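What follows is the residue order along each chain.
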Amino acid sequence: MGQKKDLTGSEKSKVVRYLAEGCSSLKIAKLLKRDHRTIKRFIQNSQQGRKKRVEKPRCKITAHELRKVKRAAAKMPLATSLAIFQSCNITGVPKSTRCAILRDMAKVRKAERRPPLNKTHKLKRQDWAKKYLKTDFSKVLWTDEMRVSLDGPDGWARGWIGKGQRAPVRLRRQQGGGGVLVWAGIIKDELVGPFRVEDGVKLNSQSYCQFLEDTFFKQWYRKKSASFKKNMIFMQDNAPSHASKYSTAWLARKGIKEEKLMTWPPCSPDLNPIENLWSIIKCEIYKEGKQYTSLNSVWEAVVAAARNVDGEQIKTLTESMDGRLLSVLAKKGGYIGRRFVFVLFFNVRNVYL
């Protein structure tokens, strides 16, 4: 248990006054709502304050041991401080000291999530990058779905709490309290949607095509000029409802076929710039650990966050495709990371042409 606060000047004056009135130390403690031992200690020696806690010196390790810890931390990612020190045969070091030493050379992080990529996947990603190197990506419509829950990701509910303050209560519900499925697209510097999938609807081939008909085609695509429709390339991932024969044939009847329907490599969310848009929206709607009480309220938050995304942000995402393709080729089809760092690539595309 931590140390109690010393009596204040006014409390000490009251203790003296109560003693003069003949009150016992126990009664004084009840009147002041303080611990009885604190009152007795003051009465025994009113001039002596509480002794301050003496900080014990931290356990030190040698420079040689420090180098061993540094090598072990590099070889054992995500290991605990105890496991790292035990691998170096260093014992008797308390946890606080271990963490203080490791903070100077490492950071606590979570493992990155990424889709599994085998040799076939990597070859297909390389072939895809080579095929679209000469593509004008300002004419590509990048689409995807995103599910948002009422509670958001658990790991985003952490933050700094001031000393003396209690952490706010956070609701705990199964499956995040339910959620809303959202569809959107981006092209050049324009955001298409977002559109909400009706609650309870499972997106199979038929419901997906009907959804596109009621939202994308009727509310956005039909308003575009004939020249725009002629040059636009439609991108969608390989979800079963997207890549089925039914959906492909339905899109072909809408005029989106052959070169106008982009082929997509497997396990490649890192290549779709709209994934970065979803990250921007989720950071906005779940900031400060915010939770929602209804599906309509979280949907309204998504719409508001999407409206705050300006054209320049979207343009930055769509213009990053040249760099993504070159990065895939440089890594021989390997994963480029969801948090893609936009790099200005000079005119080196001809190297791969």
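Residues numbered from 1 in each chain as written. Predicted model: local features only at pLDDT ≥ 70, side-chain atom pairs only at ≥ 80, totals over all residues. Heavy atoms only, no water.

Summing up its helical and strand segments, the protein has 15 helices and four strands in all. Looking at the protein as a whole, 38% of its 353 residues qualify as buried. Partitioning the contacts of the protein with sequence separation of at least 6, the portion at a separation of at least 24 is 73%. Accessible surface, the protein: about 23,200 Å² in total, of which carbon and sulfur atoms supply 51%. (Helix = DSSP H or I, 4+ residues; strand = E, 2+ residues; numbered from the N terminus. Buried < 20%, exposed > 50% of the residue type's maximum accessible area, 1.4 Å probe, protein only. Contact = heavy atoms within 4.5 Å. Areas by Shrake-Rupley, 256 points an atom, 1.4 Å probe, with all protein chains shown as cover.)

For helix α8 (residues 205–219), which comprises 15 residues, the first-to-last C-alpha distance of 20 Å matches the rise-based estimate of 21 Å (1.5 Å per residue) to within 8%. In the structure, α8 departs most strongly from a straight axis at E213, where the bend amounts to approximately 35 degrees. Of the surrounding elements, those touching the buried residues of α8 are β1 (140–149), β2 (179–187), β3 (190–196), β4 (233–235), α10 (240–243) and α11 (245–253). Capping of α8 at its N-terminal end is provided by N204; its side-chain oxygen lies 3.2 Å from the backbone amide nitrogen of Q206. (Expected span 1.5 Å × (residues − 1). Bend = angle between axes of the 7 residues up to and from the residue. Polar contact = N/O pair within 3.5 Å; in protein donor to acceptor, adjacent residues only side chain to side chain.)

For any pair of aromatic rings, the description consists of the separation of the ring centres together with the inter-plane angle of the planes. Summed over all chains, the structure comprises 15 aromatic pairs. Seen from their ring centres, F216 and F234 are 5.7 Å apart, and the 50 degrees between their planes marks the pair as tilted. Note that F216 is positioned in helix α8 and F234 in strand β4, a separation of 18 residues in sequence. Taking relative accessible area as the criterion, F234 reaches 0% and is therefore assigned buried. A ring pair is formed by W220 and F228, whose centres lie 5.7 Å apart and whose planes are at 75 degrees; its orientation type is edge-to-face. Judged by relative accessible area, which is 24%, F228 ranks as partly exposed. Three or more aromatic residues joined by ring pairs form one cluster here, namely W183, F195, F211, F216, F217, W220, Y221, F228, F234 and W250. One residue, R17, lies across the ring of Y18, its end atom 5.4 Å from the ring centre. Taking NZ or CZ as reference, K224 lies 5.4 Å from the ring centre of F228, over its face. (Phe/Tyr/Trp six-rings, centres within 6.5 Å; stacked < 30°, edge-to-face > 60°. Lys NZ or Arg CZ within 6 Å of the ring centre and 35° of its normal.)

Within the secondary structure, Q313 sits in helix α14 (residues 311–318). Once the C-alpha coordinates of Q313 and E190 are considered, the two residues, 123 residues apart in sequence, prove to be 9.7 Å apart. If we skip the residues at most four places from it in the chain, Q313 touches I280 and N308.

This part takes up the side chain of N276. Relative to the elements of secondary structure, N276 occurs in helix α12 (residues 274–285). There is a polar contact of 2.8 Å between the side chain of N276 and the side chain of R324.

What follows is about the confidence of the model for the protein. With 86% of its residues at a pLDDT of 70 or more, the protein shows a mean pLDDT of 84. Between residues 339–353, whose pLDDT stays under 50, and residues either more than four places distant or in other chains, the model counts 24 contacts. (pLDDT = per-residue confidence, 0-100.)

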